[in-house]
Amino acid sequence: MSLAARLRHYTNRLVRALHPSRIPPPLQSASQPRRRRERSRAAAMADPDTEVQADFFPMVRQYRSGRVERFMNMPPLPAGTDPATGVVSKDVVLDPGTGLWARLFLPPGTPEGKKKLPVLVYYHGGAYVVGSAADPFTHNYLNALVAESGVLAVAPEYRLAPEHPLPAAYDDSWDALKWVASHASSAAGPEPWLAEHGDFSRVFIAGASAGGTIAHVVAARAGSDHGGGGLGMRIRGLLIVHPYFSGAADIGDEGAAGKERKARADAFWRFLYPGSPGLDDPLSNPFSEAAGGSAARVAAERVLVCVAEKDELRDRGVWYYESLKGSGYPGEVELLESVGEGHVFYCINPRCDKAREMQERVLSFLRN
């Protein structure tokens with residue numbers, strides 16, 4: 001199977017997992033004797049490594065022993081020089097204690113110690129349970145974006161649920177942003193690429209799918225914790241792509257799928273974040289009462305929200321755009337809708353017309 005076909009298959013399963021009520025229940029074989037089924041069930045229950053505790057197929061399944069089975073992880077790609085673009089990447093450990101690391105991307109032909117580049121902090125997607133800074137989605141997309149935009153990109157590798165329940169992914173993402181900011185006040189920061197080439201008056205925060213939700217949360221925290229100062233960096237823009245927001249109340253066409261869909265989404269969120277109040281948790285719904293208006297304090301001068309017409313998360317993306325505009329946020333908020341396209345289509349078919357249109361809009365956003 002080609003890489004494009006594998007990415008398309010991965011994305012279809014991702015969208016189905018994000019909308020689990022549309023997944024038909026497994027069929028029971030009418031020919032299987034009842035006694036045999038009962039014996040199999042009893043044997044599975046006796047073995048904690050095979051007894052299912054939480055099942056969110058086609059994305060993730062957890063067994064009573066704690067073992068986790070993932071169905072959508074793609075093999076990681078190594079860092080190095082990309083032959084197609086000339087972009088150079090490397091992996092850097094940020095926190096040995098937690099294992100937090102990031103993949104950095106440097107544009108081709110960057111002269112040593114002379115050229116300052118905008119800094120893009122980019123969070124990958126995967127519904128908090130799959131995905132990586134090294135997966136083909138993120139790695140290939142950032143190679144292309146860095147080559148065309150001339151930014152220095154940092155893609156943090158946050159810990160995944162359920163082994164590391166939320167808010168671990170948000171905490172790691174915040175720590176990664178602080179690590180980037182630690183280079184703003186000192187030319188002797190721990191990472192030479194950032195210390196030598198980072199222009200901390202031109203910082204952008206971005207993410208796709210669940211990474212888009214993370215990008216919003218860390219930008220809002222930067223504004224709330226630091227009075228809009230952005231950790232000593234000038235955060236010029238926030239790029240939210242096909243975000244994975246939710247909420248207890250239906251918006252748009254969400255109600256058409258019935259109550260089962262919402263209940264399943266709530267169950268998945270509580271699987272990700274045990275002890276959470278549910279879908280109106282501020283980490284899921286940035287405009288809930290519990291969020292306390294923090295969304296309006298995102299530490300970015302501009303926000304670009306990208307949605308896709310056929311993405312089942314499309315209405316939440318538009319809702320985020322409209323809610324942020326009405327929240328009192330003082331910056332400029334823009335919306336780009338890719339007509340006729342689905343979730344993260346630009347990673348699956350980066351050469352299609354709509355992907356090119358989106359890329360041009362993102363490049364313009366990063367250059368202004």
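An unreviewed UniProt entry lists the protein under the name Alpha/beta hydrolase fold-3 domain-containing protein, with Urochloa decumbens as the source organism.

**Notes on the sheet that holds strand S11 (residues 332-338)**
A sheet is described by the order of its strands in space; here eight strands give the open sequence S4-S5-S7-S6-S8-S9-S10-S11, paired in mixed fashion. Two strands bound the open sheet, and with one partner strand each, they are strand S4 (88-95) and S11. In this sheet, adjacent strand axes meet at a mean angle of 20° when their direction is disregarded. By the bridge criterion, three bridges tie strand S6 (residues 117-123) to strand S7 (residues 152-157) in an arrangement that is parallel. When the sheet's bridge partners are listed, Val119 is paired in S7 with Leu152. The strands touched by helix H8 (residues 314-325) within the sheet are strand S9 (235-241), strand S10 (302-308) and S11, with S10 carrying the most contacts at an inclination of about 160°.

**Let's talk about the environment of Gly293**
Within the secondary structure, Gly293 is located in the loop between helix H7 (259-272) and S10. When its relative accessible area of 42% is taken as the criterion, Gly293 is described as partly exposed. Between the C-alpha atom of Gly293 and that of Tyr329, which follows or precedes it by 36 residues, the distance is 9.7 Å.

**Topic: the pattern of salt bridges**
Tallied over the entire structure, the rule returns 22 salt bridges. Between Asp199 and Arg202 there is a salt bridge, and its shortest N-O distance comes to 2.7 Å. Within the structure, one salt-bridge network assembled from shared partners comprises Asp250, Glu254, Lys262 and Arg316.

**Thoughts on the nonpolar core**
The biggest cluster of nonpolar side chains holds 77 residues, and the ones touching the most others in it are Tyr128, Leu238, Phe268 and Val303. Leaving out residues up to four positions away in the same chain, Tyr128 has contacts with Leu160, Ala161, Leu166, Ala169, Tyr170, Ala210, Thr213, Ile214, Tyr244, Trp269, Leu272 and Leu283. Val87, Ala153, Leu239 and Ile348 belong to the second-largest nonpolar core, a separate cluster that totals 34 residues.

**Focus on the packing of helix H4 (residues 168-181) against helix H6 (residues 210-225)**
Two numbers describe how H4 lies on H6: the axes approach to 10 Å, and their chain directions differ by 60°. As judged from the angle between their axes, H4 and H6 are oblique. In this structure, the crossing between H4 and H6 has a hand that is right-handed. Residues Ala169, Tyr170, Asp171, Ser173, Trp174 and Leu177 of H4 form the contact with H6, whose participating residues are Thr213, Ile214, Val217, Val218, Arg221, Ala222 and Asp225. Partitioned by chemical class, the residues of the contact of H4 with H6 number eight nonpolar, two polar and three charged.

**With respect to the sheet that holds strand S1 (residues 52-56)**
If you walk across this open sheet you meet the three strands as S1-S2-S3, and the pairing is antiparallel. The open sheet has two free edges, formed respectively by S1 and strand S3 (68-70), since each of these has just one partner strand. In this sheet, neighbouring strand axes are inclined to one another by 10° on average, regardless of whether the strands run parallel or antiparallel. Summarising the sheet, S1 and strand S2 (residues 60-63) pair through four bridges and their orientation is antiparallel. Bridge pairing links Ala54 to Gln62 in S2. Taken strand by strand, H7 contacts S1 and S2, and its axis lies near 125° from that of S1.

How each quantity is defined
- Within each chain, residues carry numbers counting from 1 in the order of the written sequence.
- With pLDDT at 70 or above as the cut-off, local features in this predicted model cover only qualifying residues; side-chain atom pairs require 80 or more to be listed or tallied, and sums for whole chains, interfaces and linings still use all residues.
- Heavy atoms throughout the structure, all of them, feed into the side-chain values; hydrogens and water do not.
- Between any two strands, pairing holds if DSSP finds at least two bridges.
- Helix and strand definitions here come from DSSP, where helices need a minimum of 4 consecutive H or I residues and strands a minimum of 2 consecutive E residues; each element is numbered from the N-terminal end.
- Axis definition: a line fit to C-alpha positions, over the contact stretch in the case of helices; interaxial angles, taken between N-to-C directions, run 0 to 180 degrees.
- For this analysis, residues touch if any pair of their heavy atoms sits within 4.5 Å.
- Relative accessibility thresholds used throughout: buried, under 20% of the residue-type maximum; exposed, over 50%; partly exposed, between the two (1.4 Å probe, protein chains only).
- The salt bridge definition used is simple: a Lys or Arg side-chain nitrogen within 4 Å of an Asp or Glu carboxyl oxygen.
- In these notes, a set of buried Ala, Val, Leu, Ile, Met, Phe, Trp, Tyr and Cys residues joined through side-chain atoms within 4.5 Å is what counts as a nonpolar core.
- When describing relative orientation, an angle under 35 degrees is termed roughly parallel and one over 145 degrees roughly antiparallel, while 65 to 115 degrees is termed roughly perpendicular and anything else oblique.
- By convention, the crossing between two helices is left-handed when the near helix turns anticlockwise from the far helix through less than a right angle, and right-handed when the turn is clockwise.
- In the scheme used here, Gly and all other residues not listed as nonpolar or charged are polar, with Ala, Val, Leu, Ile, Met, Phe, Trp, Tyr, Cys and Pro taken as nonpolar and Asp, Glu, Lys and Arg as charged.

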